[in-house]
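If you want the building blocks of each chain, they are given just below.
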Amino acid sequence: MLPVAEARARILEAVKPVPYEWVALPAAHGRVLARDLRARRSQPPLPVSAMDGYAVRSEDLREPGAALRVIGEVPAGRVFEGRLGPGEAVRIFTGAPLPEGADAILVQERAERSDDIVRALVALPPGKFVRPAGLDFEAGWKGLAGGHLLDARALGLAAAMGHAWLPVRRRPRVAILATGDELVWPGETPGPAGIVSSNNPTLTAMVVGWGGAPLDLGIARDRPEDLMRALDQARDTDFVITSGGASVGAYDLVQETLTARGLEVAFWKIAMRPGKPLMFGRFGEIPFLGLPGNPVSAAVCAIVFLRAALLRSLGRPTDLPIGRARLAVSLDANDEREDYMRGRWKRSPEGELLVEPASRQDSSMFATFAHADLLIRRPPHDPARPAGEEVEIIEIARALAV
Ligand code: AMP
Ligand code: MG
């Protein structure tokens with residue numbers, strides 16, 4: 001059985017970046033910048049006032065009490081025509097460019113105005129309350145690097161740098177297919193031995209959360225023709241994923257059927273719990289991930305492998321958000337499989353946040369996964385751990401985001 005880290009590395013090797021497209025700035029929220037973005041202009045473009053007051057020559061205001069003649073005014077967005085001479089001031093407002101000749105701002109709270117004379121109550125050094133050109137950033141500055149996730153701040157910065165359209169990675173297209181004769185669609189009434197497919201909605205939402213565009217192909221029955229018919233619709237996708245049918249049961253057809261259809265299997269079965277029967281391969285250039293059917297196995301494998309694959313295709317870092325926390329209870333020694341145990345935060349009497357694994361870890365128990373705060377990750381052959389020891393954790397809410 002392949003170690004998890006090796007399986008991840010082999011999947012990442014097979015993933016290519018998706019091409020980029022141009023989108024209007026507001027529509028780029030949550031997308032990934034495809035290449036570096038430089039400032040088209042300096043911010044501010046000229047030296048500007050940081051206050052409402054009077055633009056002055058600091059040499060006129062070496063001592064408090066100087067009286068200056070106000071020769072005009074300049075609001076934000078306008079350029080003062082003319083030049084400030086000795087003994088002169090210009091009424092100015094926040095953000096307005098300094099008139100030529102001025103080198104400081106007398107704030108209005110420190111000035112007494114009567115008609116066209118203003119008296120300074122303070123002395124001023126050069127540059128006081130002046131924002132030099134390029135204070136925020138200079139033209140040509142690399143403000144955002146390729147791979148940056150475009151959140152609200154990044155969009156604001158891109159706009160300030162003079163960009164209205166942004167080159168972003170196309171959302172990777174992911175075809176998702178569940179398999180199983182027992183499955184019905186959410187909303188349908190299952191027969192006595194049936195169950196509702198929870199993997200379709202779980203995986204679809206995960207793909208959206210990781211910046212992809214899911215194509216839900218529904219449920220294929222456990223017959224080769226049905227599987228192939230469904231997968232015919234997976235053309236023009238960047239990834240194909242299935243769930244179920246990947247074990248060794250007589251109805252587990254995925255490997256056999258898809259191999260006959262051109263799938264090259266790179267590996268099958270990994271040293272992981274849950275998720276042992278994970279399969280990975282390629283249809284030509286398209287990576288294929290065969291997830292286990294059990295809902296917890298499918299979801300945990302998606303977090304560990306599919307997330308990394310999608311983030312790689314977007315040019316994002318692929319590491320899981322791994323943290324550390326102390327155990328509320330003891331753990332038995334682990335076997336040869338890397339273990340991902342569902343757990344929850346639990347506050348100790350002293351107020352420390354500890355982690356407590358669910359008492360049962362059966363991979364069919366989706367309810368404990370849906371309510372888990374985190375996964376406790378244990379390496380193969382991890383020895384028994386007493387309560388209070390530190391373990392690695394993955395906060396699920398963070399792992400569901402880009
Ligand atoms: P399989 O790998 O097909 O043997 O499936 C393993 C277990 O996962 C079986 O109990 C299935 O009923 C269950 N299962 C498979 N696919 C899904 C699905 N889409 N939603 C919920 N449970 C599933
Ligand atoms: Mg099945």
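The sections below set out a description of the structure shown in this document. Note that this is a predicted model, so its numbers are computed, not measured.

1. Re the site of ligand 1
What surrounds ligand 1 is a group of 17 residues, the closest being Glu182, Ser197, Gly245, Gly293 and Asn294. At a separation of 3.2 Å, a nitrogen atom of ligand 1 approaches a polar backbone atom of Gly293. Asn294 places a polar main-chain atom, nitrogen or oxygen, 3.1 Å from an oxygen atom of ligand 1. In isolation ligand 1 offers 480 Å² of accessible surface; the protein chains occlude 78% of this area. Cavity membership is defined here by more than half of the atoms lying within 2 Å of grid points; on that basis ligand 1 lies in the largest pocket. When contributions to the shell around ligand 1 are tallied by element, the ones reaching two or more residues are β13 (173-179) and β15 (195-196). Among the residues forming the shell around ligand 1, the class breakdown is 5 nonpolar, 10 polar and 2 charged.

2. Considering the packing of aromatic side chains
Per the counting criterion, the structure on display carries 5 aromatic pairs. Where Tyr20 meets Trp22, the ring centres are 6.3 Å apart and the plane angle is 75°; that geometry is what we call edge-to-face. The cationic tip of Arg91 hangs over the ring face of Tyr54; the distance from NZ or CZ to the ring centre is 5.1 Å. One residue, Lys269, lies across the ring of Trp268, its end atom 4.4 Å from the ring centre.

3. Notes on helix α3 (residues 199-209)
Taken as a whole, α3 has its buried residues at Asn199, Asn200, Thr202, Leu203, Thr204, Met206 and Val207. Looking at the packing, one finds that the buried side of α3 touches β13, β16 (213-220), β17 (239-243), β21 (286-291), α6 (295-314) and α7 (366-370). Of the residues trailing α3, Gly211 is marked for its positive phi of about 85°.

4. Regarding the side chain of Glu88
When you line up the elements, Glu88 lands in strand β6 (residues 88-92). By relative accessible area, which is 16% here, Glu88 ends up buried. A distance of 2.7 Å separates the side chain of Glu88 from the backbone nitrogen of Gly85, its partner in a polar contact. Other than its neighbours up to four places away in sequence, Glu88 contacts Ala55, Val56, Asp60, Leu68, Arg69, Ile71 and Arg83.

5. A short note on the layout of surface pockets
When its volume is computed, the largest pocket comes out at roughly 430 Å³. In terms of lining residues, the largest pocket is bounded by 27 residues, among which Glu182, Gly244, Pro292, Gly293 and Asn294 are the most central. Looking at the lining of the largest pocket, the elements that each hand over two or more residues are β15 and α6. The class makeup of the residues in the lining of the largest pocket is 8 nonpolar, 14 polar and 5 charged. Computed from the structure, the second largest pocket encloses a volume of approximately 190 Å³. Lining the second largest pocket, in full, are Met228, Leu231, Asp232, Ala234, Arg235, Val240, Leu258, Arg261, Phe283 and Ile286.

6. Some details on unusual backbone geometry
A cis amide bond links Gln43 with the next residue in sequence, Pro44, at an omega value of -10°. If you trace the backbone, Pro44 turns up in the loop between β2 (37-38) and β3 (48-49). Cis geometry marks the peptide bond from Arg273 to Pro274, where omega comes out at -5°. When you line up the elements, Pro274 lands in the loop between β19 (272-273) and β20 (279-283). Here Asp115, not a glycine, exhibits a phi torsion of approximately 50°, which is positive. A positive phi angle, close to 60°, is found at His381, a residue other than glycine. Its place among the elements puts His381 in the loop between β25 (374-378) and β26 (390-395).

7. Points about the sheet that holds β17
Pairing is mixed across the open sheet formed by 6 strands, whose spatial order is β16-β13-β17-β21-β20-β18. The sheet is open, and its two borders are formed by β16 and β18 (263-268), each paired with just one other strand. The mean angle between the axes of side-by-side strands here comes to 20°, regardless of whether they run parallel or antiparallel. With 5 bridges connecting them, β18 and β20 associate as antiparallel partners. Note that in β20 the partner of Val265 across the bridge is Gly281. With respect to the sheet, helix α4 (residues 224-232) is in contact with β13, β16 and β17, its orientation differing from that of β16 by roughly 160°.

8. Side note on the environment of Ala298
One can find Ala298 in helix α6. When the C-alpha positions of Ala298 and Ala175 are compared, they lie 15 Å apart, and in sequence the two are 123 residues distant. Ignoring anything within four residues of it in the chain, the contact list for Ala298 reads Asn199, Leu203, Leu291 and Pro292.

9. Some remarks on the nonpolar core
Met272, Leu289 and Phe305 are the most contacted members of the largest nonpolar core, which totals 41 residues. Contributing elements (two or more residues each) for this core: α1 (4-14), β13, α3, β17, β21, α6 and α8 (396-399). Looking at this core, the element that brings in the most residues is α6, giving 12 residues. When residues of this core are sorted by domain, at least three fall in each of domain 1 (4-17 + 170-313) and domain 4 (322-399). Each residue touching Met272, except ones within four places of it in the same chain, is listed here: Val4, Val300, Cys301, Val304, Phe305, Arg337, Glu338 and Tyr340.

Reading guide: rules and limits
Residues numbered from 1 in each chain as written. Chains lettered and ligands numbered in written order. Predicted model: local features only at pLDDT ≥ 70, side-chain atom pairs only at ≥ 80, totals over all residues. Heavy atoms only, no water. Near = heavy atom within 4 Å. Polar contact = N/O pair within 3.5 Å; in protein donor to acceptor, adjacent residues only side chain to side chain. Areas by Shrake-Rupley, 256 points an atom, 1.4 Å probe, with all protein chains shown as cover. 1 Å grid on protein atoms, 1.4 Å probe; cavity = no way out; pocket = protein on both sides within 12 Å on 5 of 7 lines; lining within 4 Å. Sits in = over half its atoms within 2 Å of the grid points. Helix = DSSP H or I, 4+ residues; strand = E, 2+ residues; numbered from the N terminus. Nonpolar A, V, L, I, M, F, W, Y, C, P; charged D, E, K, R; others polar. Phe/Tyr/Trp six-rings, centres within 6.5 Å; stacked < 30°, edge-to-face > 60°. Lys NZ or Arg CZ within 6 Å of the ring centre and 35° of its normal. Buried < 20%, exposed > 50% of the residue type's maximum accessible area, 1.4 Å probe, protein only. Contact = heavy atoms within 4.5 Å. Points joined across faces, edges and corners; volume = space filled by probe spheres on them. Pairing = 2+ DSSP bridges. Axes fitted to C-alpha atoms, helices over the stretch in contact; angles between N-to-C directions. Core = buried A, V, L, I, M, F, W, Y, C linked by side-chain atoms within 4.5 Å. Domains from an automatic or database assignment.

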